[in-house]
Amino acid sequence: MTDEGRDSGGIEGLGFLATDGTDDADQCVDLEDDSGAVVAAVGRQIRLWRESAGLRAKDLGDAIGYGENQVYKVEGGKRIPKPEFLDRADQVLGAGGKIAAMKKDLREARYPKKVRDLANLERAAVELGAYSNHNVHGLLQTEEYARALYEMRRPSFGRDEIDRYVAGRMGRQEILERQPLTMLTFVLEEVTIRRPLGGREVARHQLERLLEIGQLRHVEIQVMPTDREDHAGMGGQFQLLRFDDGTAVAHWEGQLYNRMISDLKQVRIIDLRYGIIRSQALTPRESLAFIEKVLGET
């Protein structure tokens, strides 16, 4: 039976991942991304409204607090306007809410395609299980922790790329509150909660966030102690998603690319391993106590 409010069906029609200085006005557009057509259409509409109002690009920019060059880039579909850009332009151009309404169309276009693909899978899932072995899982991260992770990437990301990836990661976390609730389970290696990525203050806030999320009734967080002599997760971190129609996929993350696994036999192997990993880890209650202990030491 399909849950009301959740995308029905399994993995059909869902996109799979092929892999895993900024200004204040907007964000860069990946011209090879299928969201480019949406951004271009929004830009054309803004230009038409501006021309109908008899304003030059500089006039509009001055009126809404952006540079002329930024206006041209938005109108040319080369930049993704932020919500405040659309709100101000709507007011100045007298669009009566028509420009501001485009925020909904641009919401997902703001995120990289591979982030949208993963978010679509998570949005359709009725159950999600994840094992993380080198950093806190993305659905559990604070914004400052996520930003620290992207800033330490090598080769380095540009500021626009970092902003897009962080926004995409935070956007995925709607799964924590979306109705109907999705059952979420996580197993984190002990090192992921002890390593102070981003600095002590960032680490403290991240631990506090884990304790907060761990209190939710549909979320279970477990810690895998480093001193375990038997461990079923030596193959690396992964995510397992189950859908309403009984199908499931696994998402495996590597150094340079990510892989979506839909082959039934391979998914069963991942499912088996995840069950063993959970049995080897601390219980959810023990894990929250452990995280609280680490927080007191941080």
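Presented here is an overview of the structure given in this document. It should be emphasised that the depicted structure is a prediction, and the values quoted were computed from it without experimental measurement.

## Description of unusual backbone geometry
In this chain, arginine 154 is followed by proline 155 through a cis amide linkage whose omega measures -5°. Looking at where proline 155 falls in the secondary structure, it is placed in the loop between helix H7 (143-151) and helix H8 (159-172). Note that the residue after glutamine 179, namely proline 180, is joined by a cis bond; omega there is -10°. Within the secondary structure, proline 180 sits in the loop between H8 and strand S4 (183-189).

## Some remarks on the pattern of salt bridges
Pairing between side chains of opposite charge can happen when the charged atoms of each approach one another. Applying the stated criterion across every chain yields a total of 20 salt bridges. For arginine 47, the salt bridge goes to glutamate 51, with nearest N and O atoms at 3.4 Å. Of this pair, arginine 47 and glutamate 51 both sit in helix H1 (residues 36-52), 4 residues apart, which is roughly one turn of that helix. A salt bridge links glutamate 220 to arginine 278, with the nearest nitrogen and oxygen atoms 2.6 Å apart. With a gap of 58 residues between them, glutamate 220 in strand S5 (residues 219-224) and arginine 278 in helix H11 (residues 264-280) connect regions that are remote in the sequence. Relative accessible area serves as the criterion here: at 29%, glutamate 220 is assigned to the partly exposed category. The exposure class assigned to arginine 278 is partly exposed, which follows from its relative accessible area of 25%.

## With respect to helix H2 (residues 57-64)
Those residues of H2 that sit buried are Ala57, Leu60, Gly61 and Ile64. Viewed along the axis of H2, the buried residues span an arc of 100°, placing them on a single side of the element. Structurally, H2 contributes buried residues whose contacts are with H1, helix H3 (68-75) and helix H4 (83-93). Of the residues trailing H2, glycine 65 is marked for its positive phi of about 85°.

## Some thoughts on the pairing of strand S7 (residues 248-253)
Bridging between strand S6 (residues 238-243) and S7 involves 5 bridges; their strand directions are antiparallel. Looking across to S7, one finds that glutamine 239 is bridged to histidine 251. Connecting S6 to the next strand, S7, in antiparallel fashion are 4 residues, including glycine 246 with a positive phi near 95°. Here S7 pairs with strand S8 (residues 258-261) via 4 bridges, running antiparallel. What sits directly across from tryptophan 252, in S8, is arginine 259.

## Structural notes on the sheet that holds S5
If you trace the 6 strands from one edge of the open sheet to the other, you get S5-S4-S3-S6-S7-S8, paired in mixed fashion. For this open sheet the edge positions go to S5 and S8, each flanked by a neighbour on one side alone. Adjacent strand axes in the sheet meet at a mean angle of 10°, parallel and antiparallel pairs treated alike. Of the pairings in the sheet, the one linking strand S3 (residues 125-132) to S4 comprises 6 bridges and is parallel in character. The partner of serine 132 across the bridge, within S4, is leucine 188.

What counts, and at which threshold
- Residues numbered from 1 in each chain as written.
- Predicted model: local features only at pLDDT ≥ 70, side-chain atom pairs only at ≥ 80, totals over all residues.
- Heavy atoms only, no water.
- Helix = DSSP H or I, 4+ residues; strand = E, 2+ residues; numbered from the N terminus.
- Salt bridge = Lys/Arg side-chain N within 4 Å of Asp/Glu carboxyl O.
- Buried < 20%, exposed > 50% of the residue type's maximum accessible area, 1.4 Å probe, protein only.
- Arc of directions from axis to C-beta.
- Contact = heavy atoms within 4.5 Å.
- Pairing = 2+ DSSP bridges.
- Axes fitted to C-alpha atoms, helices over the stretch in contact; angles between N-to-C directions.

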